Amino acid sequence: MSCRSLTADAERLTCFDRASGALAAAEAGGALVVVDRAKVEAVRRQAFGFSIPSIADLAPRVRPESAAAPKQEETLSQIEAVVAAARLGRDGKWILSLDSGAVWRQTDTETVLRDPRAGSRVVIRAAALGSFLLSVDGQRSFRARREE
């Protein structure tokens, strides 16, 4: 029963006291964790490129009947970062370490005209079938996968 639907003040207060007590007990026992939106967004950005099905569980849920609820957040489809280090692997494909600590490896044979280097700006966007396209300093994109 929803406490707000109760009309008698004493009943409504008792209901809210019981509900808030259960909420406090759940938080104290670790069954409930409160995380602000900024932390959720930071985790989503940090995990971009990894296939982690449970990360969606961190996204805020909005009940459609709630008029005051914020709009549902969109799926993160691209990130921008700065290259901390770049090197060619034995296979001749680029391995980029980003300022966020993420490591991305080129998976196709696309030629990169200007070599990536520390300080280069990258845009990584989600592509079809779970793949990713990485562009360095506005150049033509190449396919890449996140390794770390």
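Now for a quick tour of the structure. Per chain, the residues get numbers from 1 upward, laid out in the order the sequence is written. Two thresholds apply to this predicted model, a pLDDT of at least 70 for residue-level local features and 80 or more for giving and counting side-chain atom pairs, whereas whole-chain, interface and lining totals are computed over all residues. Each side-chain value is derived from all of the structure's non-hydrogen atoms; neither hydrogens nor water enter the calculation.

**So, the overall build of the protein chain**
Next up, step 1: In terms of regular secondary structure, the protein chain is built from two helices and six strands.
Next up, step 2: Written out in order from the N terminus, the α and β elements of the protein chain read α-α-β-β-β-β-β-β.
Next up, step 3: Per-residue burial over the protein chain gives 25% buried out of 148 residues.
Next up, step 4: Any pair of residues with heavy atoms lying within 4.5 Å of one another is described as a contacting pair. Counting contacts in the protein chain only where the partners sit at least 6 residues apart, residues at least 24 apart contribute 47% of the total.
Next up, step 5: Surface accessibility of the protein chain: about 10400 Å² in total, with carbon and sulfur atoms responsible for 54%. Helix numbering and strand numbering both begin at the N terminus, where a helix is a DSSP run of H or I of at least 4 residues and a strand a DSSP run of E of at least 2. Three exposure classes are used, based on accessible area relative to the maximum for each residue type with a 1.4 Å probe and protein chains only: buried under 20%, partly exposed in between, and exposed over 50%. For every accessible area listed, the method is Shrake-Rupley and the probe measures 1.4 Å; residues are considered covered only by the protein chains on display.

**Some remarks on the sheet that holds strand S5 (residues 132–136)**
Next up, step 1: If you trace the six strands once around the closed barrel, you get S1-S2-S3-S6-S5-S4, paired in antiparallel fashion. On average, each strand axis in the sheet is tilted by 45° relative to the strand beside it, whichever way the strands run.
Next up, step 2: With five bridges joining them, strand S1 (residues 78–88) and strand S2 (residues 94–98) adopt antiparallel strand pairing. Bridge pairing links Ala85 to Ser97 in S2. At least two DSSP bridges between two strands are required for those strands to pair. Each axis is a line fitted through C-alpha atoms, and for a helix only the stretch in contact is used; angles between axes span 0 to 180 degrees, taken between their N-to-C directions.

**Considerations on unusual backbone geometry**
Next up, step 1: One non-glycine residue, Leu129, lies in positive phi territory at about 55°.
Next up, step 2: One non-glycine residue, Asp137, lies in positive phi territory at about 50°.
Next up, step 3: Structurally, the position occupied by Asp137 is in the loop between S5 and strand S6 (142–146).
Next up, step 4: Classification of Asp137 by relative accessible area gives partly exposed; the value is 31%.

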